[in-house]
Amino acid sequence: MKIFDSHVHFPWGEDRNPDEAIEELVEQAQAANVAHMCLLGSRFGDYNERVSTAMERYPDLFFGLYGIDLDEEGLDQVHEAAQRGYRGLKIILPTKRYDHPDYFPIYAAAEEHGFVCLFHTGVVGGGADYRTHDPFDPELIERVRSMEERSRGRGVSSAHMEPITLDTVAFNFPFLKIIGAHLGIGYYDVACHIARWRRNVFLDISGGEMVRRHVIERRLIPAEISHFKLVYGSDNNQRFAEEIRDWQAIFDLLRMGDEERERIFYGNAARLFGVIPTETFPAPEPAGAATGDGS
Ligand SMILES: [Zn+2]
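Fair warning: this is a prediction, and the values are worked out from it, not measured in the lab.

Thresholds, definitions, all that
Residues numbered from 1 in each chain as written. Predicted model: local features only at pLDDT ≥ 70, side-chain atom pairs only at ≥ 80, totals over all residues. Helix = DSSP H or I, 4+ residues; strand = E, 2+ residues; numbered from the N terminus. Buried ≥ 20, exposed ≤ 12 C-beta atoms within 10 Å, placed from the backbone. Contact = placed C-beta atoms within 7 Å. Axes fitted to C-alpha atoms, helices over the stretch in contact; angles between N-to-C directions. Parallel < 35°, antiparallel > 145°, perpendicular 65-115°, else oblique. Left-handed = near helix turned anticlockwise from the far one by under 90°. Nonpolar A, V, L, I, M, F, W, Y, C, P; charged D, E, K, R; others polar. Core = buried A, V, L, I, M, F, W, Y, C linked by C-beta atoms within 7 Å. Pairing = 2+ DSSP bridges.

### Regarding the overall build of the chain
What the chain contains, in helices and strands, is ten helices and eight strands. Each principal axis of the C-alpha atoms in the chain carries an extent, and together these give about 65 × 50 × 40 Å. Within the chain, buried positions represent 40% of all 295 residues. Counting only contacts in the chain whose residues sit at least 6 apart along the sequence, the fraction spanning at least 24 positions is 77%.

### Structural notes on the packing of helix α3 (residues 75–83) against helix α4 (residues 104–112)
Remark: α3 packs on α4, axes separated minimally by 9 Å, with the N-to-C direction vectors making an angle of 20°. In terms of orientation, α3 lies roughly parallel with respect to α4. Crossing hand, α3 versus α4: right-handed. Of α4, the residues touching α3 (which contributes Leu-75, Val-78 and His-79) are Pro-105, Ile-106, Ala-109 and Ala-110. Of the residues contributing to the contact of α3 with α4, the split by class is six nonpolar, one polar and no charged.

### Thoughts on helix α6 (residues 164–172)
Among all positions of α6, only Thr-165, Leu-166, Asp-167, Val-169 and Ala-170 are buried. Turning to α6, the residues buried within the fold contact α4, β5 (116–119), β6 (177–180), α7 (188–197) and β7 (201–204).

### Side note on the nonpolar core
In this structure, Leu-39, Ala-110, Cys-117, Leu-118, Phe-119, Ile-178 and Phe-202 are the most contacted members of the largest nonpolar core, which totals 75 residues. Here this core takes six residues from helix α10 (residues 258–272), the largest share from any one element. Apart from residues lying up to four places away in sequence, Phe-202 is in contact with Ile-178, Ile-179, Ala-195, Lys-229, Leu-230, Val-231, Asn-268 and Leu-272.

### Observations concerning α4
The set of residues buried in α4 consists of Ile-106, Tyr-107, Ala-109, Ala-110 and Glu-111. Gly-114, located one to two residues past α4, shows a positive phi value of around 70°.

### Here's the deal with the sheet that holds β5
Strand pairing in a sheet takes place through backbone hydrogen bonds and is either antiparallel or parallel in direction. Taken in spatial order, the eight strands of this open sheet run β1-β2-β3-β4-β5-β6-β7-β8, and their pairing is parallel. In the strand order of this sheet, the two ends are held by β1 (3–9) and β8 (230–231), each with one partner.

Right under this line is the structure:
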């Protein structure tokens, strides 16, 4: 089955040679039948540049999402990203809620460019997983210290990334193509309900073993959300084949048919990104251009 992976970070490690990282990604993608992937930039480091190089080199494979800083960047960066061939935005860790009106100009510009916006949703991970790690381990403390220092007093919170905020964004920007990451991890019910009722909201299933377990235990698919609104994402850049295999096993358990799998693994993302042309999200009319009836 052909795969569109909607959630792949450019391999982390600023000391890593970007050209080698790109070639490795290409090889692994080919081995796993990944025809296209969203390659995510980041507001940290030079990952947006790295993504830009990757998509120039392999424009069919890599659909770049510009990692925007909602607080420090604005319209200029969105227009520039469009000019440089990015296909959307990756959005995470704002100091205000995603649906704060201060961010609306960015969403409006993204909508105008036909961008796909991939929002992290739910409690953000990173650092160490304290389900399996001892928070009093001195080595671990040393390892997470710089991250803790970076976030001190900045005002970030997972609360700003609650899926319900995407409902506001979806209502106000009905032609903005929205993907909420990780099925809204920790807020599955709300995330699924939004995807159910807002046409322009989709959820990616990235999140590995934990999300797979939750999908089964909490009976999310197809009771709360179906193949119409899910896109495949690995959130991984090394285990392409394994992630696909593990999701196929889950879909087997769910007795999911081929057509449904095709939508999740490929078709929905292919439509969102225009690989499969649709009339689904026409560019909105520029403000003031509508003739209207005055109502
Ligand atoms: Zn991610």
